[in-house]
Amino acid sequence: MQEKIKLAGKVVCLKCGTPIKDERAELCENCARIKRQFTQVKALYQYTKDMKESMYRFKYGNRRCYAKTFAKHSIHYYGDWIKDNKIEAIIPVPMYKEKKKTWI
Ligand SMILES: [Zn+2]
């Protein structure tokens, strides 16, 4: 699994966490253009086809062993940020019913 996942990296949009190419930019093109309904999102991985499949297996395929890698990366990349911002819980974005049907 590990070789197929791509970390979001350090140069990301401060609003949505999407990787961006311009290191001087704070926001991606979408966040610069659209008013978002959330304050901030942290992305750990790039949302590639492989990552989508890994997330699906983790959430719905009983691949609990993935949690160790996800937790290790989360702590490594966002541990200080989590502590500094006193984050009490991290939750996955739930998959809605219609989308789940496309994976079955
Ligand atoms: Zn963005």
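Residues numbered from 1 in each chain as written. Predicted model: local features only at pLDDT ≥ 70, side-chain atom pairs only at ≥ 80, totals over all residues. Heavy atoms only, no water.

**Re the overall build of the protein chain**
Then step 1. A tally of regular secondary structure across the protein chain gives four helices and zero strands.
Then step 2. Moving toward the C terminus, one meets the helices and strands of the protein chain in the order α-α-α-α.
Then step 3. Restricting to contacts in the protein chain with at least 6 residues of sequence separation, those with at least 24 account for 58%.
Then step 4. When the accessible surface of the protein chain is totalled, it reaches about 8600 Å², and 53% of it is carbon and sulfur. (Helix = DSSP H or I, 4+ residues; strand = E, 2+ residues; numbered from the N terminus. Contact = heavy atoms within 4.5 Å. Areas by Shrake-Rupley, 256 points an atom, 1.4 Å probe, with all protein chains shown as cover.)

**A word on the coordination of the zinc ion**
Then step 1. All of the protein donors around the zinc ion are Cys13 (SG), Cys16 (SG), Cys28 (SG) and Cys31 (SG); their distances to the metal are 2.3 Å.
Then step 2. Bound by four donor atoms, the zinc ion shows angles of 106 to 115° at the metal and therefore tetrahedral coordination geometry.
Then step 3. Read in sequence order, the donor residues for the zinc ion give the motif C-x2-C-x11-C-x2-C. Here Cys13, found in the segment before helix 1 (29–33), pairs with Cys31, found in helix 1; they are 18 residues apart in sequence, far enough to count as distant. In terms of burial, Cys13 and Cys31 fall into one category: buried. (Donors = N, O, S within 2.8 Å, 3.2 Å for Na, K, Ca; no water. Tetrahedral: all angles 85-135°; square planar, octahedral: opposite > 155°, others 65-115°. Buried < 20%, exposed > 50% of the residue type's maximum accessible area, 1.4 Å probe, protein only.)

**Some remarks on the confidence of the model for the protein chain**
Then step 1. With 88% of its residues at a pLDDT of 70 or more, the protein chain has an overall mean of 85.
Then step 2. Highest mean pLDDT in the protein chain belongs to helix 1 (94); lowest belongs to helix 4 (residues 97–103) (68). (pLDDT = per-residue confidence, 0-100.)

**Notes on the side chain of His73**
Then step 1. Topologically, His73 is positioned in helix 3 (residues 66–84).
Then step 2. For His73, the side chain forms a polar contact with the side chain of Tyr45, separated by 2.7 Å. (Polar contact = N/O pair within 3.5 Å; in protein donor to acceptor, adjacent residues only side chain to side chain.)

**Topic: the packing of helix 2 (residues 49–60) against helix 3**
Then step 1. Contact geometry of helix 2 with helix 3 gives a least axis separation of 10 Å together with a crossing angle of 120°. When the axes of helix 2 and helix 3 are compared, the pair comes out oblique. The residues of helix 3 that touch helix 2, namely those facing Met51, Ser54, Met55, Arg57 and Phe58, are Tyr66, Ala67 and Phe70.
Then step 2. The class makeup of the residues in the contact of helix 2 with helix 3 is six nonpolar, one polar and one charged. (Axes fitted to C-alpha atoms, helices over the stretch in contact; angles between N-to-C directions. Parallel < 35°, antiparallel > 145°, perpendicular 65-115°, else oblique. Nonpolar A, V, L, I, M, F, W, Y, C, P; charged D, E, K, R; others polar.)

**Focus on unusual backbone geometry**
Then step 1. Positive phi, close to 60°, is recorded for Asn62, a residue that is not glycine.
Then step 2. Note that Asn62 resides in the loop between helix 2 and helix 3.
Then step 3. Phi at Lys86 takes a positive value of approximately 50°, unusual for a residue other than glycine.
Then step 4. Within the fold, Lys86 resides in the loop between helix 3 and helix 4.

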